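Chain residues, written in single-letter form:
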Amino acid sequence: MTTEAAGGIDILCVTEKAQLMRFIRLPDRLLARDPQYIPPLHSERQAALSPKGNPFFSHAEAAFWLARRGGKDVGRISAQIDRLAKSDPAAPVGNFGMLSAIDDPAVFAALLATAETWLAARGIRRVQGPFNLSINEETGLLVEGFDTPPMLMMPHDPPYADSHVAALGYSKIRDLYAYLCDTTAALPKSSAAIVSRGLPPNVTLRHMRMANLKQDIASLVSIYNDAWSTHWGFVPITESEVDHMSKAMKPLLHERLIWFADVDGEPAAFGLCLPDLNAAIRDLSGSLLPFGWAKLLWRLKVSGVKTGRVPLMGVRKRHGAGMMGRLLALHIVEALRREALAKGITAVEMSWILEDNLPMRHLAEAIGGRPYKTYRVYEKTLAA
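Each value, and the rule that gives it
Residues numbered from 1 in each chain as written. Predicted model: local features only at pLDDT ≥ 70, side-chain atom pairs only at ≥ 80, totals over all residues. Heavy atoms only, no water. Helix = DSSP H or I, 4+ residues; strand = E, 2+ residues; numbered from the N terminus. Rg over C-alpha atoms; globule rule 2.2 N^0.38 Å. Buried < 20%, exposed > 50% of the residue type's maximum accessible area, 1.4 Å probe, protein only. Contact = heavy atoms within 4.5 Å. Areas by Shrake-Rupley, 256 points an atom, 1.4 Å probe, with all protein chains shown as cover. Lys, Arg positive; Asp, Glu negative; His and termini not counted. Charge placed at Lys NZ, Arg CZ, Asp CG, Glu CD. Phe/Tyr/Trp six-rings, centres within 6.5 Å; stacked < 30°, edge-to-face > 60°. Lys NZ or Arg CZ within 6 Å of the ring centre and 35° of its normal. Axes fitted to C-alpha atoms, helices over the stretch in contact; angles between N-to-C directions. Parallel < 35°, antiparallel > 145°, perpendicular 65-115°, else oblique. Left-handed = near helix turned anticlockwise from the far one by under 90°. Pairing = 2+ DSSP bridges. Right-handed = clockwise from strand over helix to strand, strands pointing away. Salt bridge = Lys/Arg side-chain N within 4 Å of Asp/Glu carboxyl O. Polar contact = N/O pair within 3.5 Å; in protein donor to acceptor, adjacent residues only side chain to side chain. Arc of directions from axis to C-beta.

Draft legend 1. Highlighting the overall build of the chain. A tally of helices and strands in the chain yields twelve helices and 16 strands. The globule rule puts the C-alpha radius of gyration for 384 residues at 21 Å, and the 21 Å found for the chain is close to it. Expressed as lengths along the three principal axes of its C-alpha atoms, the size of the chain is roughly 70 × 50 × 35 Å. Looking at the chain as a whole, 55% of its 384 residues are labelled buried. Sequence-distant contacts in the chain: of pairs separated by 6 or more residues, those separated by 24 or more amount to 75%. Summed over all atoms, the accessible surface of the chain reaches about 16700 Å², with 56% contributed by carbon and sulfur. With 44 positive and 39 negative side-chain charges, the chain shows a separation of 4 Å between the mean positions of the two kinds.

Draft legend 2. View of unusual backbone geometry. Omega for the bond connecting G129 with P130 falls within 30 degrees of zero, at 5°, which places this linkage in the cis form. Tracing the backbone through its elements, the reader meets P130 in the loop between β6 (126-129) and β7 (131-132). A positive phi angle, near 55°, is found at D264, a position not held by glycine. Checked against the element boundaries, D264 lands in the loop between β12 (258-263) and β13 (266-275). Residue D264 is classed as exposed on the basis of its relative accessible area, which comes to 63%.

Draft legend 3. Quick peek at the environment of K17. Residue position: K17 is located in helix α1 (residues 17-30). Taking relative accessible area as the criterion, K17 reaches 63% and is therefore assigned exposed. For the pair K17 and Q46, spaced 29 residues apart in sequence, the C-alpha separation works out to 9.0 Å.

Draft legend 4. Quick peek at the packing of aromatic side chains. Applying the stated criterion across every chain yields a total of seven aromatic pairs. Taking 5.4 Å as the distance between ring centres and 80° as the angle between the ring planes, the aromatic pair formed by F56 and F57 counts as edge-to-face. Ring geometry for W65 and W118: centres 6.2 Å apart, planes at 75°, overall edge-to-face. Residue W65 is located in strand β3 (residues 60-69), and its partner W118 is located in helix α3 (residues 105-120); the two are separated by 53 residues in the primary sequence. Note on accessibility: W65 and W118 belong to one class, buried. Geometry around F23 places R76 over its ring, the cationic atom sitting 4.8 Å from the centre.

Draft legend 5. Just the packing of helix α6 (residues 213-227) against helix α7 (residues 239-248), in detail. Packing of α6 against α7 leaves a shortest axis separation of 10 Å and a crossing angle of 125°. By the angle between their directions, the pair α6 and α7 is classed as oblique. Where α6 crosses over α7, the handedness of that crossing is right-handed. On α7, the residues that touch I217, A218, L220 and V221 of α6 are E239, V242, D243 and S246.

Draft legend 6. Layout of the pairing of β6. Note that strand β5 (residues 93-101) and β6 share three bridges and pair parallel. Residue pairing for β6: N95 is matched across the bridge by Q128. Handedness of the crossover joining β5 and β6 through α3: right-handed. Two elements, β6 and strand β16 (residues 370-381), share four bridges in a ladder whose sense is antiparallel. The partner of V127 across the bridge, within β16, is K380.

Draft legend 7. View of the side chain of D28. By the element assignment, D28 lies in helix α1. Of the buried charged residues, D28 lacks a salt bridge, with R25 as the closest side chain of opposite charge at 6.0 Å. Only 2.5 Å separates the side chain of D28 from the side chain of Y37, close enough to count as a polar contact. Setting aside its immediate chain neighbours within four residues, D28 contacts Y37, P39, P40 and H42.

Draft legend 8. Structural context of helix α5 (residues 189-196). The set of residues buried in α5 consists of S191, I194 and V195. Taken end-on, α5 shows its buried residues confined to a sector of 95°, consistent with a single buried face. Exposed residues lying more than 90 degrees from the buried face of α5 are K189 and S196. On its buried side, α5 packs onto α11 (322-342) and α12 (358-366). Just downstream of α5 lies G198, where phi reads positive at about 80°.

Structural data, given as structure tokens:
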């Protein structure tokens, strides 16, 4: 279905496979001149946006639109409602995401108005975003750090997007930081001294084993949901979502890049590092055909990539406060740094970290990390 908006813009609701592929490929054309943009794998994006391919849709609903002018696609957006997200019954929250458009305020206005109308019709009173599609997937709009490419599962946006969104009544609700860590550098002296003292006798540090993958995934989900349950924007990760991610990312999973700390025999903390898929697909134009598969496997399994990302880590709340929590997190991060370097990964991104999550920011800084990208999440209250 197509509707008209101001400025000669038509809004097309994406309902067919061919339209979805246009939706997925649109940023490849709009950002083709941006030297830092990396086209995602189209097949992966197609699965992520399909109810059959993404367990997100078992607890959420979403809609997608294309903006057209003069018979040409000039923008896209999604709107979604996640039933697992915490929400005030008096002012239910919905999300927008997948935002990409030409540098034209009228196109941004038409897209966001379309998402707002869809959300309002479903009782939503506050809109937050961008989330692509969940806060547990790609989150935020890039507002600083345009001079470097995005790492695995991190968004990349043009500099003009921020001002267009803000001009439409959206204000910052949180900034998110990405920290870059040089794995070739020695730990700062204070952190090295803590690590050198070792762990208490009731704590065991171990890496994940593929033979124990299902049990370790259950432990990871349990720790993560406990550790982050009181933080802003928290949406619990389901086991089906992590299982889905582990299958999709299987070529990236390495036993020695997933570490757990057990306290008195119980999993108490974990950290996960993934080789940066974006570095391996940068020149594939989003396609694995005809020879992309061979190039990708060679780069991941033989030549390797030089960058990686820590997308998930956590310490159970009962251990998180005080020295024990810092000790567990620091030992896990150091194990990830050491093992990443052993695999030829010389730079690791820790992301994303909430601006007000000082313990995690201090941890990133304790291993020599520096903030090099900022992503912004916006909010707008809809008229009653």
